[in-house]
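# Understanding the architecture of this molecule
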Amino acid sequence: MASRAEPVDTGGRRDWRDVARDAADLALLGILLTLAAVPLLTAAAAAGTASAAVHDWTRTGSWPSARTTVHRFGRSVLPGVPVSLVALAGVALLVADLAALATGRVPGGPAALLVTALVAAGLAGYAGLVVVEVGGNGGGQWRASARAAARACLDAPTRWAALTGVVALAGLLTVLVTPVAVPILAGYTVAALHAVTVRRPITAAVVGGGQRPADPNARRPAPVAVAGRREMP
């Protein structure tokens, strides 16, 4: 991936070369994520490592080194195996349930199908926030990230709904696009999840006739338009 070590000039204008470079970086990220997740048991480690890379990129303007990324992936493979198993089992059960309701093998009709679909979408949005939290923890600490994501969903239901929409849109596009483009879509989905959770930083506020400096703990905005979202000033 191309490294952008120079500071991001949020006041300057970005041309098409910057956008093309960002698009290529995210496409490569998605391809690497997909390849790393092919064994299935490494899916959690791959998602966490990709999320950590996007977290670094959106905060510093540059991607982590290959050595850092490989180290993150290697140390998160074993802790991520139970997470991968739980996620795969959950997806399989939900898909089987939805298929049974849709074909009429299970009673309940359209109402039960709709409720199950909403529950599945909500769980997918929660899982997306867990991936974002894991990225902020360097690609690991799934249990702590799951607890933090649960609290965040309860504290900000609208953000939970937005994350659910991102995952639902990604799922729809996965069905519509050619299979070759699915790995590329994975990188954009991770970036979109991070973009939804970004908070606008406090730049300066006039208090009592003076200016208050920026909050050093505030999250920095993503430096690229992701999933239709423009860069914030």
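Structural notes, computed from the coordinates. (Residues numbered from 1 in each chain as written. Predicted model: local features only at pLDDT ≥ 70, side-chain atom pairs only at ≥ 80, totals over all residues. Heavy atoms only, no water.)

## Overview of the overall build of the protein
Of regular secondary structure, the protein possesses 7 helices and 2 strands. Counting from the amino terminus, helix and strand elements in the protein follow one another as α-α-α-α-α-α-α-β-β. For the protein, restricting intrachain contacts to residue pairs at least 6 apart in sequence, the fraction spanning at least 24 positions comes to 64%. Accessible area for the protein stands at about 13200 Å²; split by element, carbon and sulfur atoms hold 68% of it. (Helix = DSSP H or I, 4+ residues; strand = E, 2+ residues; numbered from the N terminus. Contact = heavy atoms within 4.5 Å. Areas by Shrake-Rupley, 256 points an atom, 1.4 Å probe, with all protein chains shown as cover.)

## A word on the packing of aromatic side chains
Counted according to the given criterion, the structure contains 1 aromatic pair. Between the aromatic rings of tryptophan 57 and tryptophan 63, the centroid separation amounts to 4.8 Å while the plane-to-plane angle is 5 degrees, which identifies the pairing as stacked. This pair shows no difference in class: tryptophan 57 is buried, exactly as tryptophan 63 is. (Phe/Tyr/Trp six-rings, centres within 6.5 Å; stacked < 30°, edge-to-face > 60°. Buried < 20%, exposed > 50% of the residue type's maximum accessible area, 1.4 Å probe, protein only.)

## Things to note about the nonpolar core
One broad trend across soluble globular proteins is that nonpolar side chains are buried collectively. Within the largest apolar cluster, 13 residues are counted, with the highest numbers of intra-cluster contacts made by Leu129, Val130, Trp142 and Leu193. Secondary structure elements with two or more residues in this core: α4 (109-136), α5 (142-155), α6 (157-176) and α7 (182-197). Those residues in contact with leucine 193, other than ones at most four positions away along the chain, are Gly128, Val132, Leu163, Val166 and Val167. Membership of the second largest hydrophobic core comes to 10 residues, among which are Leu26, Leu33, Ala50 and Val54. (Core = buried A, V, L, I, M, F, W, Y, C linked by side-chain atoms within 4.5 Å.)

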